[in-house]
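Chain by chain, the residues run as shown.
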Amino acid sequence: MIRQFNQTLFIARSSESAELYLSQHTGAIKAITLSSLLSSEEFRSSVAIDVLIGKMVLRRAIESLSLVHFDYLSCAEASIGEVYAHILNCKRNRVGLDLFGYDHRKHTELARILTAYEELKSSLGLKDSADVMIEEVASLRNTDYFTQFSKVVVDVFEEEGVRFYSCALEREALEIIYTLDNIEILHPQSSELNTITTYTPLPSRFDEALFAIKAARKLMDDNVADTDIAIVTGNLGNYRRVIESYAAKYGMQFRFSSGILMFQSPLFSEFLSSKSFDVFKASFAERLKQDYEQGLIDEHELGETKQQFNQIKKLHLRTLGIIETAKKLFASSPDYKETITSLAQETYIPPLKDQAGIWVSEPNQIPNRQFKHMIFIGTDLSQFPPKTRGNFLSTPQQREEYFWVDNSYRLSQYYFAQMLKNSQSIHLSTALQEGKKKLFLSPIISNLPQQSFKDYEYVSEREILHTQARFVQDEKFEKYIDATQCTESTPYDGKCQTYTFESGVLSASSLNEYAKCPLRYQLTFQYKAEALAIERDDDDLEASDIGTIFHSIAEQFAKDVKKKTIILDKEPTSQIKEHLHTIAVEKHQEYIQKHIVDEGKTPNIFHEIVLHDLIKGLFEEHHERGLLVRFLDYVYESGRLEHFDKSEERFMLDGEFNITSEKDKAMVKGFIDRIDRDELTVTVLDYKTGKYGKDKETKLIEGMSEYTQFQLPLYLLYASQAYSDYTINAYLLSMRHDKGTKDYAHVSNNAENGLLFDDAYATGLKEKIRYIKHSIEAGVFAMTPSEDNCSYCPYERICHKDLFAHKWKDQVVHGDDNV
């Protein structure tokens, strides 16, 4: 018999809620989350396999089957992960596959996969986390564990339509606990909602992040403690890097609610490059000791570094365990580096608990925290509420109904209401635009005030430089300032002194980039730097995706005409249009399969809209004609395919600019969309799905004349050798001009057909390519800022071009000796 003590057990919905309860109550209290209670030794009788081992079991089960619908699964790691998660979710929520409305073949194959997985797992004596959780709930029904407590207090697990348990099994556990004699169930506390204090719309998300920092600084200058201020973001991932980067510039310190992804840790990268964990551990310990003793890092940095090391150590031990288990189960040994890298992509390094500074979080971390001031950014519709995503196994609606996933909109409404309850003043900001994309305020937010946040333009040390009044800094910073005032290029401008670079095989894009700005080339092609760019929206297909699909359609249609699979009549008949439509559907499906389904994502209405936009107007009149009817009109009006020669022609040129097929001799490479040939003329063209603009054409011709645009000139370098007896014309073909197409930027070895590509031009082109290759290998990467060069540059926010306008010279482009 268990003896009862005068102790309260508090079952919390989250660790934050547990901490809050402990801070508000005295006496003997044991606070534990529901998930931790179920997995405690009192109720757990089995050990669950590692997720990675579970996926290995599933992969082998799949490989043992002959599948048609899911034949790609054995070589699609992300999709296997989705299937594994789906199986566990079904078991945790006690639902069957029949609820998801799969077609017969898909349902049959999924059922076979599930059966094969369960049989193989059972034969190996293994249990997954769902199996173990089912056992835990069963144990809960037959326990006297709770009799040792004088009272069992249960947190609020449902509030305003929002559920704070993760699955049906946790709900079952709560229902069992609710039947206890010594139970006390907490209920939601009602409180008034405060109003939004200020609303400050800003041009971009970058400006939002700076606003949050400056507004917090203003509040601190008004004697508000940093612990009384919170910055809340609709999507922390879009703002964290900017907030971290600019914190020191404004004398601020922040504490983030979530850690960083292990894969992003520089220390983890260093570990991967070490020969072994023991070697890494020894060098790490020695260096950390020296850095601390020499004052290079403070107590806080020491704690963060230790935290990262301990997480790497845990991941190392977990990896060793997975490899050892795999050896026993499958007589095979997974690669250590591949395994730990895979784990690192899903592992977070938690923040230090005793961090000081302003709290920065997403809305879901707010319900149990109170602040005098909250600064809420990232409030546009694309971030708040966050998008709910399904996959190829379940829709967002099915996940809500069967997997107990809360509705994103309802959940965000709840979090925003909690923000209004938990802050005396809430200061809201919304970005109006990001890049070329217009942004809109979330419909969750209403009753905006007329008042904006005033006097927040705190001047940072960087901004003081513009006024020529600044603080004296350390030696390194002073060297940087000297470099900004020097008229010659310095290492801070991209000039390299000790590093050597290989140019590799140059392409039109890399040549264009270097000619535009060598520093931008260096960051893109040499360092492969990750710029502060707009996050891709997985729901949409971008312009590059649409261009790729269109190119594959046009190529297949041209090949079919050449093979006489389809015969072009004098007019585009319904049969020809149907053939083009069939190709479009096939190529669109292939692309969606490869880039959406095989990556574990779910095809959605946005992807179907792309196909609709491609084919609209093909069979009926439409006010906005799609790319395919424009392409067909072009074929019949001026681009007939009887002269089509080849497409997707790849070529390489060696150091003497002769055609070569040997990669180790190649200096330049290229890729041609389409080549037409008749008795006298070869036409080289490149499809462009963007809109035609006269200014764009003028700049392009000027760039080719000055050897700063290389695509078409490289085509001529190749074609003048491959088709030496022909007149060669090259141009770009825009598929969006008025209601048709437009060929532009003509280059030819015949002066009557466009920019003349003669021997003199070819010589100048070759000299410029050699010059760029030499400059790259000599480490010449000085920036060349200008309005055109810097327009839409992904590195604009990390480049310091604005500090020294006197260096705005086209030094590299014109071969200035000062570079």
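Structure: above.
A. Examining the overall build of the chain more closely. Along its length, the chain carries 27 helices and 22 strands. When the 819 residues of the chain are sorted by exposure, 48% land in the buried category. Surface accessibility of the chain: about 41,400 Å² in total, with carbon and sulfur atoms responsible for 48%.

B. Local environment of the side chain of His86. Along the polypeptide, His86 turns up in helix α4 (residues 77–92). Excluding anything up to four places from it in sequence, His86 contacts Leu97, Phe100, Tyr102, Leu393, Ser394 and Phe403.

C. The arrangement of the pattern of salt bridges in detail. Under the definition given, this model contains 38 salt bridges. Its salt-bridge partner being Glu662, residue Lys665 comes within 3.6 Å of it at the nearest N-O pair. Among the salt bridges present, the one from Glu697 reaches Lys694, with a minimum N-O distance of 3.7 Å. Of this pair, Glu697 and Lys694 both sit in helix α24 (residues 694–705), three residues apart, which is roughly one turn of that helix. Note on Glu697: relative accessible area 10%, which makes it buried.

D. The arrangement of the environment of Ile358 in detail. For Ile358, the position within the fold is in strand β12 (residues 358–361). Between the C-alpha atoms of Ile358 and Arg217, which are 141 residues apart in sequence, the distance is 10.0 Å. Ignoring any residue separated from it by four or fewer positions in sequence, one finds Ile358 in contact with Ala216, Met220, Asp226, Ile229, Ala230, Ile231, Met252, Gln253, Phe254 and Arg255.

E. Spotlight on unusual backbone geometry. Backbone torsion omega between Phe384 and Pro385 reads 5°, so that peptide bond is classified as cis. Its place among the elements puts Pro385 in the loop between β13 (371–377) and α14 (396–402). For Glu160, which is not glycine, the phi dihedral falls at a positive 55°. As for its placement among the helices and strands, Glu160 is situated in the loop between β4 (158–159) and β5 (162–163). If you check the backbone angles, Asn447 has positive phi at about 55° while not being a glycine. Looking at the secondary structure, you find Asn447 in the loop between β16 (437–438) and α16 (461–466).

Reading the values: rules and limits
Residues numbered from 1 in each chain as written. Predicted model: local features only at pLDDT ≥ 70, side-chain atom pairs only at ≥ 80, totals over all residues. Heavy atoms only, no water. Helix = DSSP H or I, 4+ residues; strand = E, 2+ residues; numbered from the N terminus. Buried < 20%, exposed > 50% of the residue type's maximum accessible area, 1.4 Å probe, protein only. Areas by Shrake-Rupley, 256 points an atom, 1.4 Å probe, with all protein chains shown as cover. Contact = heavy atoms within 4.5 Å. Salt bridge = Lys/Arg side-chain N within 4 Å of Asp/Glu carboxyl O.

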